[in-house]
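Geometric and topological summary
Listed below, chain by chain, are the residues.
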Amino acid sequence: MRGSNMDEDQQKKMLDEMVSKVIFNRAKSYAFDYADNVLDRTVFPTPEALQNLQYFTEDFPKSPGDALEILAQLHQYGSPATVSQTGGRYFGFVNGGVVPVALATRWLTDFWDQNAALHIISPVAAKLEEVCETWLKQLFGLSETFVAGFVSGSSTAIFAGLAAGRYRILQNQNWDVNRKGMNGAPEIRVVAGREAHGTVTKALALLGIGTDNVAWVDTDEQGRIIPALMPILDDRTIIVLQAGNVNSGAFDAIDEICNKANVANAWVHVDGAFGLWAAGSAQLRHLTGGIEKANSLSVDGHKTLNTPYDCGIVLCADKQALAQAMQASGSYITYGEHRDGMLYTPEMSRRARAVELWAVLKYLGRAGVDALVSGLHARALQMQDELKSAGFQILNDVVFNQIVICCESDAITQASLSAVQQSGECWMGGSVWRGRAVIRISICSWVTTANDVTRAVNALIKARAAVTSR
Ligand SMILES: *Cc1c(COP(=O)(O)O)cnc(C)c1O
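The model shown is predicted, which means the values in this text are computed figures rather than measured ones.

**Topic: the pairing of strand β3 (residues 214–217)**
- By the bridge criterion, four bridges tie strand β2 (residues 189–193) to β3 in an arrangement that is parallel. Within β3, the residue paired with Val190 across the bridge is Val214.
- As a crossover connection, the stretch from β2 through helix α9 (residues 198–206) into β3 is right-handed.

In structure tokens, the structure reads:
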């Protein structure tokens, strides 16, 4: 109705919500209630909790609602239907917990609501991106020339790294891909291992390179590229290597392959989504040897480092190529006095995710990162030993945080897996490894204790016993 002050009333209500803090205190008490229960509850939601998700199905509200009711609904029906990922017995996919100070940082910075696109939009986001960039280069042992883009995850970071490679290779053939596109462009060949992550093929499709232009290299029993089977490399080749196979955790022979690629002037991208952090552990650093010779690298904060979602990083030795590829402009990029984050990312507006990354790096320091990464490896070795003693077959060398196991037959493996998932004691995922149904275990959270490992193994033993006695 014209002339009514409905909008003003709504604005007043929202101002009061902001000033009185009632809803924020309510959210805080729900969050603390969640945190108090998350270590003991079933790891996967109960059937009842899943059933209750139906309470979210309703017609789009016609008019504004009540903030406290919204929060109450979320906590009553949302919280129980979460996966207990911040507890110690979630071993699915390759996820990770959250370092407490990062979570607290997220709360604080949510009030800032910064847009990290440009220095002029958020000086603090620009400054902390710059600090993270420097620290990551030091941690990973990369040269000064590397720049970092802070993106939503490895999917985007891989896309960005490969886009930079595509830009540089075509530019070297006097082909400006930003203007001319891929129609009639000089051919690019990609060399990747058969075990490359699905996000690599996705990026290649998005970039108009296409998976038919990949020379797939056979891999060994750990999922590593067999270097002797690599084709001859040239300056129109992009090579995609893995620092951490998503099943086995295995690392390609990065140093050896980079040496050949550098001589041929080929572009090397290393997908190190969770494995690149091995470089932060004195004990495991050898796995990542040679990463400083790559042209681009991608890594997640939200996996091994335990930052909140969504935190991915692309690191590129060729600043110009990354900036040109991400801005997709035909003209020259002008660099300001300060860091403008959007030059290195596909997105323009972005949340200031580097602040949480900064908080974790500052909190842990070199020694803390080393302890975190080495600790995940130690828990993985413990789990391997206990599983082996219990008669499970270990199918990979546990070089990092991943364990691939199976039972006597695919059927028993799959039935044991679904029984253990249903037990609520822990959650591990299924996969296929070298033609067999397997259970894939990822130790990825700082919360996981030795006791959690033993409890999970016992749950798996019980699940298998129930299956085989049927
Ligand atoms: C998780 C993962 C990805 C994808 O990363 P997102 O952060 O989920 O986008 C790519 N490669 C590997 C090896 C991964 O483990």
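**A few points about the domain arrangement of the protein chain**
- As far as domains go, the protein chain holds domain 1 (10–82), domain 2 (104–361) and domain 3 (372–468).
- Taken residue by residue, the interface counts 25 residues in domain 2 and 21 residues in domain 3.
- Roughly 1800 Å² of surface becomes buried between domain 2 and domain 3 when both sides are summed, with 57% attributable to carbon and sulfur atoms.
- Between the two partners, domain 2 and domain 3, sit zero salt bridges.
- The tally of links from domain 2 across to domain 3 stands at 10 residue pairs in polar contact (both at pLDDT 80 or more).
- When its residues are assigned to classes, the side of domain 2 that touches domain 3 shows nine nonpolar, 12 polar and four charged.

**Some thoughts on helix α14 (residues 450–468)**
- In this model α14 runs 27 Å from its N-terminal to its C-terminal C-alpha over 19 residues, within 8% of the 27 Å that 1.5 Å per residue would give.
- For α14, the full list of buried residues reads Asp452, Val453, Ala456, Val457, Ala459, Leu460, Ala463, Arg464 and Val467. Buried positions in α14, seen along its axis, are confined to an arc of 160° and lie on one side of it. Counted as exposed and oriented over 90 degrees from the buried face of α14: Asn451 and Lys462.
- Those residues of α14 hidden inside the fold are in contact with α12 (354–389), β9 (402–406), α13 (410–423) and β11 (436–442).

**A look at the sheet that holds strand β8 (residues 393–394)**
- Taken in spatial order, the four strands of this open sheet run β8-β9-β11-β10, and their pairing is antiparallel. Each edge of the sheet is formed by a strand with only one pairing partner; in this case those strands are β8 and β10 (429–433).
- Pairing of β10 with β11 involves five bridges; the strand directions are antiparallel. Looking at β11, one finds that Ser431 is bridged to Val438.
- Contacts from α13 reach β9, β10 and β11, with the element oriented near 35° to β11.

**Let's talk about the site of the ligand**
- Within the structure, the ligand sits among 14 residues, and Ser155, Asp271, Asp300, His302 and Lys303 are positioned closest to it.
- One of the side-chain nitrogen or oxygen atoms of Ser155 is found 2.6 Å away from an oxygen atom of the ligand.
- Within the side chain of His302, one N or O atom sits 2.9 Å away from an oxygen atom of the ligand.
- For the ligand, whose free accessible area comes to 380 Å², the fraction covered by protein is 85%.
- Examining the composition of the shell around the ligand, we find that three residues originate from one element, helix α7 (residues 154–172), more than from any other.

Calculation rules
Residues numbered from 1 in each chain as written. Predicted model: local features only at pLDDT ≥ 70, side-chain atom pairs only at ≥ 80, totals over all residues. Heavy atoms only, no water. Pairing = 2+ DSSP bridges. Helix = DSSP H or I, 4+ residues; strand = E, 2+ residues; numbered from the N terminus. Right-handed = clockwise from strand over helix to strand, strands pointing away. Domains from an automatic or database assignment. Contact = heavy atoms within 4.5 Å. Buried area = accessible area lost by both parts, 1.4 Å probe. Salt bridge = Lys/Arg side-chain N within 4 Å of Asp/Glu carboxyl O. Polar contact = N/O pair within 3.5 Å; in protein donor to acceptor, adjacent residues only side chain to side chain. Nonpolar A, V, L, I, M, F, W, Y, C, P; charged D, E, K, R; others polar. Expected span 1.5 Å × (residues − 1). Buried < 20%, exposed > 50% of the residue type's maximum accessible area, 1.4 Å probe, protein only. Arc of directions from axis to C-beta. Axes fitted to C-alpha atoms, helices over the stretch in contact; angles between N-to-C directions. Near = heavy atom within 4 Å. Areas by Shrake-Rupley, 256 points an atom, 1.4 Å probe, with all protein chains shown as cover.

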